[in-house]
Amino acid sequence: MVKYKEQIMKVVFFIAALVSIAAVALICIFLFANGVPAMAKIGIFNFIGGSTWAPSNEPAEYGIFPMILGSIYVTAGALVVGVPIGLLTAVYLAKFCPKHIYKVLKPAVELLAGIPSVVYGFFGLVVLVPFIRDNIGGNGTGSILTASILLGIMILPTIITVSESAIRAVPDSYYEGSLGLGATHERTVFRVILPAAKSGILAGIVLGIGRAIGETMAVILVAGNQAIIPNSVLSGVRTLTTNIVMEMGYASGLHREALIATGVVLFVLILLINALLSVVKRRSE
Amino acid sequence: MMAENVIETNKSNEIDVDKIKARNVQTFAQKFKQYKNHPTSLILYLLVWVAAIATMATVVFLIGYILVMGIPYINADIFSLKYTSDNCSLVPALVNTILMTLLSLIIAVPLGIFSAIYLVEYAKRGNKLVSVVRTAAETLQGIPSIVYGLFGMLFFVEALHWGYSLLAGSFTVAIMILPLIMRTTEEALLSVPDSYREGSFGLGAGKLRTVFKIVLPSAVPGILAGVILAIGRVVGETAALIYTAGAVADYPKDLMSSTRTLAVHMYNLSNEGLHTNQAYATAVVLLVLVLLINWLSSVVAKKITKK
C-alpha cells in the first residue's frame, strides 16, 4: 500500500514538473498558430516593414514598422536614463555607502521594484506628461521623452540590484592591489572593479531591456500612442505592447489577427533577449 | 574595546585575521589634498553621490506624491459596497482581486511546489529533464505580461470557451507566477541540510514521508516568502487580465463571471480621465497594498537568513 502511494506521488511530482514545459509549448503554439497566418496574408515584408498602420482604411494597411521603431526608441531612451543613474547608484551602494545610509537606500530601491506598473503609469500621466508639456513642449499627450523617463525609472531597481551584486562579487584583492599601487578609491572602483564586474552588469542591462520592451500599462498612459513614425523625442509614439492593448478590445477579422501577430513579433524579440541574457550570464559565471 | 573583546573570547589564543578590518581614516584635509591632485576622482565621487541622491529622491517623490495627492480623496464613497459610475467604489474590485489571488494560488502553489520537489528530491543528478524544466521556467519568467494576456485570451477565453471570466484570468496569472513559486521553493528545499533526510531515512521513513514530514516543513518560510511575492505580482497585474478577466466592476456571481481587479480598475480610471480624484485614491490603496505585501515577503525571507 505504501509502495503504491510512493509511486503515484512520484508520477504526480513528475507531471507537475512537466507543466512549465507544457506552458511554454502551449504559449508558442497558440501565439504562432494565430499570428503567423495573418503575417502570411499581409505579407511578411508589408507587415514588419510597412510604415502605415491603418486598419480602418480601404484597403486596410497593417504595417507595424512604426511600432517596432517605437519599442526600440523608448527602450533606448530608458537605457539612456536608467543605466547611468542605476550603475552609479549600484557603485555607491557597493563601494561608497556608509552603513546607516545603506539601510535606507537599499529598501528604497526594493520599494521601487514593487510598485505596480499601472501606478507608475498613473504617476507619469499626472506628473511627467504635464511637466514636459509645460517646460519643454510637445502636444501634451505623452511622447518618447516621457515614456523613456518613466521606463528609465522602472528599470532602475533591476539594474541597481544586479549590478550591485556583480560589483560585490569582485574579489577584494583587486581593490587592495590597485590601492597599493597608489590609485585613488574612485580610480580603483571605476578602472579596476567595474571592468572586472562587466559581464554581471551587462546581464543587468539586458534584463532591463527585456523589462522595458515588454512593459505595457505604464507606457500606454504616457506615450501618446500615435501609430506613426516619430520625428522627434517630443512626438507621440506607439510600441508593440500598447498596439495590442489599444485595439484588441474592438478588433475583428484580419485586424485582430494582425494584433496577435504583433504579439508574435514581441514574443520573438523577448525570446532573443532571453537567449542573449543566458549567453551573458554563462560568460559571467 | 571591540578588538580586545574579540581576542579575549577567542579561546585558542589565535587572532582571526579575517575579522580585522583595516580602517584608513583620512582627515578632511588629507581627502581635500588627494582630490586636488586627482580632479577626475573628485568628479567621479560627486557623480556617484548625485546618482544615489537622484535614486532616493525619485523613490521619495514618486511614493510621496501619490500618497499626498491621494490620501485626501480617500473617503466613504470609494469604499461603498456598490459600484456606480459616480462613486467609482473600489470595493468590488478589491473583492475580485482577493478572489483572483486565491484562485491563482490554488492553481499555482501546488504545481510550483510539486515540480520543485521533483527537481530537488526525485530527479537524479545529470537528469536532462531538469535542465529543460529550468530553461522553461526561465523563459516563462522573461515573458512580458501582455503576452500572457494574449495567450490567456486565445487559449482559456476562446479555445476553451470560458469567455472573459474569473477562471480564465486566474489561470493566466497562475502560469505567470508558477516559475516564481517554483524557483523560491527549489531554493528553500535545497537549503534543507541532507542530514535531515538521512536521519529520516535512518528511522525507517519512506521517501514520500520524508519529503512531506521532514523536508517541506523545514522549507516553509522560504516557500512562504515566494508565495507572498507572487501575491504581490497578482495584485499589481493589469496587462495579463484585461483580455482574460475583462473589466466588469461588480461582484462575480460564479467562476465564469467577468471581473475587474483593483489594478485593472485603476487603469480604467486613469485611462478614462474622468475621475481623477478617485484615481488618486485608488492609486494610494493599490500602492499601499502591494508595498505591504512585498514588505511582508521580505520580512519572512529575512527570518530564514537569520536562522
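Residues numbered from 1 in each chain as written. Chains lettered and ligands numbered in written order. Predicted model: local features only at pLDDT ≥ 70, side-chain atom pairs only at ≥ 80, totals over all residues. Heavy atoms only, no water.

What follows covers the domain arrangement of chain B. Residue and element names in this part refer to chain B. One can read the domain layout of chain B as domain 1 (2-73) and domain 2 (77-306). In this structure, domain 1 and domain 2 have C-alpha centres spaced 37 Å apart. Roughly 710 Å² of surface becomes buried between domain 1 and domain 2 when both sides are summed, with 83% attributable to carbon and sulfur atoms. Here domain 1 is connected to domain 2 by zero residue pairs in polar contact (both at pLDDT 80 or more). Class assignment for the residues of the side of domain 1 that touches domain 2 results in seven nonpolar, one polar and no charged. (Domains from an automatic or database assignment. Buried area = accessible area lost by both parts, 1.4 Å probe. Polar contact = N/O pair within 3.5 Å; in protein donor to acceptor, adjacent residues only side chain to side chain. Nonpolar A, V, L, I, M, F, W, Y, C, P; charged D, E, K, R; others polar.)

Our focus in this paragraph is the interface of chain B and chain A. Facing the 74 residues of chain B at the interface are 69 residues of chain A. Joining chain B to chain A, the criterion identifies one salt bridge. Among the ionic pairs, E158(B) bridges to R256(A), the shortest N-O distance being 2.5 Å. (Contact = heavy atoms within 4.5 Å. Salt bridge = Lys/Arg side-chain N within 4 Å of Asp/Glu carboxyl O.)

This paragraph deals with the packing of helix α3 (residues 65-96) of chain A against helix α8 (residues 185-196) of chain A. All names here are of chain A. Interaxial distance between α3 and α8 falls to 12 Å at its minimum, and their mutual angle equals 115°. Accordingly, the angle class assigned to the pair α3 and α8 is roughly perpendicular. Here α3 and α8 pass one another in a crossing that is right-handed. Residues L88, V91, K95 and F96 of α3 lie in contact with α8, whose contacting residues are H185, E186, V189, F190, I193 and L194. Classifying every residue of the contact of α3 with α8 gives seven nonpolar, one polar and two charged. (Axes fitted to C-alpha atoms, helices over the stretch in contact; angles between N-to-C directions. Helix = DSSP H or I, 4+ residues; strand = E, 2+ residues; numbered from the N terminus. Parallel < 35°, antiparallel > 145°, perpendicular 65-115°, else oblique. Left-handed = near helix turned anticlockwise from the far one by under 90°.)

What follows concerns the environment of A218(A). All names here are of chain A. Among the secondary structure elements, A218 is positioned in helix α10 (residues 217-222). Note: C-alpha distance between A218 and L150 (68 residues apart in sequence) is 7.8 Å. Apart from the residues within four sequence positions on either side, A218 is in contact with S117, Y120, G121, L150 and M154.

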